[in-house]
Amino acid sequence: MNDDNRVLIAGGGPIGYTTALNLAKFDIPFTLFEAGEEISEDPRAATIHPPTLEMFDTIGLTKIFMKRGFVTQNYHFRDRKQGLIADFNLGVLKDDTAFPYRVMLEQHKISRIIADVLEDYDQHEILNNHTVESVSQDNDGVIATINTPDGLKEFRGRYMIGCDGGRSNVRKSIEVDFEGFQFEERFLVVSTPYDFGQHGYAITNYIADPEEWCALFCVKGPDDKGLWRVVFPIDSDFTEDEIFDDDAIEKRLQGFHPRETKFTVVHRNLYQVHQRVATKYREGRILIAGDAAHINNPLGGMGMNFGFHDAFNLTDKLNKIWFNGASEDLFDQYERQRKTVASEYLQAQSIENKKNLERKNQADREKFFDELRGIAADDEKQRKYLRRVAMIEGVERAASIS
Ligand SMILES: Cc1cc2nc3c(=O)[nH]c(=O)nc-3n(C[C@H](O)[C@H](O)[C@H](O)COP(=O)(O)OP(=O)(O)OC[C@H]3O[C@@H](n4cnc5c(N)ncnc54)[C@H](O)[C@@H]3O)c2cc1C
């Protein structure tokens, strides 16, 4: 494809692919550049929340996601010593959403499903091994400098959407600050086929502890038999060798769930975690979405969902501009809507989710546990609480911003 009348997309992660499929459905030509050789299988996001299921339903993917992943209506808040504190039931949201549950589906599987669907569409190209180095713009469009297997090349388009993750070159090209902070501790993610479900755990569990909280959730894994992931906080003074040491990992797992036999560990990954929001999402014809625009800790499983909401919001507006003569001011509305909720909901809620797990003072912890028990025991209180946690409020708030 060699046509300037197209959208350039940087990044073939879940948000880049979702942006791409929406454009394909609207019949808007695009070129997607992905730095990697193929879709990354890094074990990261897996939770899909109700409003995201609603959005994907409009493009026919939700049923596929439900078939390929686990559909789960409840999740647990637990204490490491006391066990179950509150069993939250998303069923109370039945009048708020057509999808009152979470679907657990690994992010690389989401991207693959979308890549397969894209094969039925023309007017686009997906170029792996193509890194967007920088992007600039003039009155007619954008010019991206791409590092290709044959050296540096320039590509032109009408707009650029940067979905190139937390270290986004697109964001850097438009000199936007990425305001926020980095947590001192890193997050270790360990995956094991050991079935924690037999001990009464839900598919998703947040487990509080003043010394070592953890999060435990189950995905289908490579063979669809189930793979449990445990997320632990790791003090900054440990070296990677110490963290990844087999005995150290076994000790962490045994500390959380003692058993006589050793755990089989199939993945171990370490993540540096930040809370940041870009100060601008738009500079002229250049826009950013997903982790390029906001990053947060993974507790609550919201980052990717938020990026999907960006992608649906932005492509809907782009369609109106491309075909219906709408003003590019709509891009400013995209920024107002999505940036506002990134601060008010994504950042606020994910920071709170972490605090709730790591509280140290026993009296505070007990008070908080009682609050959670009270919420879970009362359908109306639970509905109010889950509307926020399940991201419904954030979508409604964004829609209310003109
Ligand atoms: C341990 C962990 C668990 C998580 N769990 C959840 C969860 O359950 N639910 C949830 O909603 N979120 C979760 N998240 C967050 C989620 O993984 C991210 O929000 C999501 O991956 C963002 O998608 P993205 O497409 O914006 O960016 P990415 O997934 O980072 O994809 C960016 C893509 O762009 C490519 N790229 C980068 N730079 C360039 C360039 N210059 N040119 C071309 N290509 C480039 C990369 O190779 C990559 O393929 C979790 C994160 C972590 C670390």
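Definitions and limits used
- Residues numbered from 1 in each chain as written.
- Predicted model: local features only at pLDDT ≥ 70, side-chain atom pairs only at ≥ 80, totals over all residues.
- Heavy atoms only, no water.
- Near = heavy atom within 4 Å.
- Polar contact = N/O pair within 3.5 Å; in protein donor to acceptor, adjacent residues only side chain to side chain.
- Areas by Shrake-Rupley, 256 points an atom, 1.4 Å probe, with all protein chains shown as cover.
- Helix = DSSP H or I, 4+ residues; strand = E, 2+ residues; numbered from the N terminus.
- Phe/Tyr/Trp six-rings, centres within 6.5 Å; stacked < 30°, edge-to-face > 60°.
- Buried < 20%, exposed > 50% of the residue type's maximum accessible area, 1.4 Å probe, protein only.
- Pairing = 2+ DSSP bridges.
- Contact = heavy atoms within 4.5 Å.
- Axes fitted to C-alpha atoms, helices over the stretch in contact; angles between N-to-C directions.
- Core = buried A, V, L, I, M, F, W, Y, C linked by side-chain atoms within 4.5 Å.
- Parallel < 35°, antiparallel > 145°, perpendicular 65-115°, else oblique.
- Left-handed = near helix turned anticlockwise from the far one by under 90°.
- Lys, Arg positive; Asp, Glu negative; His and termini not counted.
- Salt bridge = Lys/Arg side-chain N within 4 Å of Asp/Glu carboxyl O.
- Patch = residues over 30% accessible without salt bridge, like charges linked within 9 Å, V, L, I, M, F, W, Y side chains within 5 Å.
- Charge placed at Lys NZ, Arg CZ, Asp CG, Glu CD.
- 1 Å grid on protein atoms, 1.4 Å probe; cavity = no way out; pocket = protein on both sides within 12 Å on 5 of 7 lines; lining within 4 Å.
- Points joined across faces, edges and corners; volume = space filled by probe spheres on them.
- Nonpolar A, V, L, I, M, F, W, Y, C, P; charged D, E, K, R; others polar.

Caption draft 1: The arrangement of the site of the ligand in detail. The local shell around the ligand holds 30 residues, among which Glu34, Gln107, Val132, Asp291 and Met304 are the closest. Arg44 places a polar side-chain atom, nitrogen or oxygen, 3.2 Å from an oxygen atom of the ligand. Contact between the ligand and Gln107: an oxygen atom at 2.8 Å from a side-chain N or O atom of the residue. Out of a free accessible area of 1,000 Å², the ligand has 87% covered by protein chains. Broken down by secondary-structure element, the contributors of at least two residues to the shell around the ligand are helix H1 (14-26), strand E9 (131-137) and helix H8 (303-324). Ranked by residue count, the leading element in the shell around the ligand is H8, at three residues.

Caption draft 2: Seen up close, the packing of aromatic side chains. The full count for this structure, using the stated rule, is 23 aromatic pairs. Centre to centre, the rings of Phe196 and Phe263 are 5.9 Å apart; their planes meet at 20°, and the pair counts as stacked. Within this pair, whereas Phe196 is found in the loop between strand E13 (178-192) and strand E14 (204-208), its partner Phe263 is found in the loop between helix H7 (246-256) and strand E17 (267-278), the two being separated by 67 residues in sequence. Among the residues examined, Phe196 registers a relative accessible area of 0% and is labelled buried.

Caption draft 3: Representation of the sheet that holds strand E12 (residues 159-162) in the model. An order of E8-E2-E1-E12-E19-E18 is seen for the six strands of this open sheet, with the pairing classed as mixed. A strand with exactly one partner marks an edge of an open sheet, and here the two such strands are strand E8 (124-127) and strand E18 (282-283). With four bridges joining them, strand E1 (residues 7-10) and E12 adopt parallel strand pairing. Residue pairing for E12: Ala10 is matched across the bridge by Gly162. Of the strands in this sheet, E1, strand E2 (30-33), E8 and E12 are in contact with H1, which crosses E2 at around 170°. Taken strand by strand, H8 contacts E1, E12 and strand E19 (286-288), and its axis lies near 180° from that of E12.

Caption draft 4: Broad picture of the environment of Ile295. Within the secondary structure, Ile295 sits in strand E20 (residues 294-295). Ile295 gets classed as buried once you look at its relative accessible area, which sits at 13%. Note: C-alpha distance between Ile295 and Glu175 (120 residues apart in sequence) is 17 Å. Beyond its immediate sequence surroundings of up to four residues, Ile295 is in contact with Gly166, Phe178, His274, Gln275, Arg276 and Gln347.

Caption draft 5: How the structure looks around unusual backbone geometry. The residue Asp27 is not glycine, and still its phi comes out positive at about 75°. Structurally, the position occupied by Asp27 is in the loop between H1 and E2. Despite not being glycine, Glu175 has its phi angle at roughly 50°, a positive value. Take Glu175: it is sitting in the loop between helix H5 (169-173) and E13. Look at Glu175 and you get exposed, because its relative accessible area is 71%.

Caption draft 6: Representation of the nonpolar core within the structure. Membership of the largest hydrophobic core comes to 75 residues, with the highest contact counts inside it found for Val7, Phe30, Leu61, Phe65, Met160 and Leu318. The greatest single-element share of this core, amounting to nine residues, is contributed by H8. Ignoring any residue separated from it by four or fewer positions in sequence, one finds Phe65 in contact with Ile48, Phe56, Val103, Leu105, Ile110 and Ile113. In terms of nonpolar packing, the next biggest core, distinct from the first, is built from 33 residues, Ala86, Trp213, Phe217 and Leu357 among them.

Caption draft 7: Geometry of the packing of H1 against H8. Remark: H1 packs on H8, axes separated minimally by 9 Å, with the N-to-C direction vectors making an angle of 30°. Judged by the angle between their axes, H1 and H8 are roughly parallel. For the crossing formed where H1 meets H8, the hand is right-handed. Of the residues in H8, those in contact with Pro14, Ile15, Thr18, Thr19, Asn22, Leu23 and Phe26 of H1 are Met304, Gly307, Phe308, Ala311, Phe312, Thr315, Asp316, Leu318, Asn319 and Phe323.

Caption draft 8: Representation of the pairing of E12 within the structure. Side-chain alternation along E12 places Tyr159 and Ile161 on one buried face and Met160 and Gly162 on a second face that is also buried. With three bridges joining them, E12 and E19 adopt parallel strand pairing. In the sheet register, Met160 faces E19, and the bridge partner there is Ile286.

Caption draft 9: Inspection of the side chain of Glu34 at higher detail. Summarising the element assignment, Glu34 is placed in the loop between E2 and strand E3 (47-48). Buried charge without a salt bridge: Glu34, with Arg44 as the nearest opposite-charge side chain at an N-O distance of 9.6 Å. Ignoring sequence-local partners within four residues, the contact set of Glu34 consists of Gly11, Gly12, Gly13, Leu127, Asn128, Asn129 and His130.

Caption draft 10: A negative patch on the surface, seen in detail. On the surface, a cluster of negative charge is made up of Glu184, Asp235, Asp237, Glu240, Asp241, Glu242, Asp245 and Asp247. Among the secondary structure elements, Glu242 is positioned in helix H6 (residues 240-244). You can call Glu242 partly exposed: its relative accessible area is 41%.

Caption draft 11: Spatial organisation of empty space enclosed by the protein. In total, this model carries two cavities of 30 Å³ or more according to the counting rule given. Taken together, 13 residues form the lining of the largest cavity, with Tyr75, Phe77, Tyr206, Asn353 and Tyr385 sitting closest to its centre. When residues of the lining of the largest cavity are assigned to their parent elements, the largest contribution, four residues, is made by helix H9 (residues 329-358). Partitioned by chemical class, the residues of the lining of the largest cavity number eight nonpolar, four polar and one charged. Put simply, the second largest cavity is a space of about 50 Å³. Looking at the second largest cavity, the residues that line it are Met302, Phe306, Tyr345, Leu346, Gln349, Arg388 and Met391. Per-element accounting of the lining of the second largest cavity gives the leading share, three residues, to H9.

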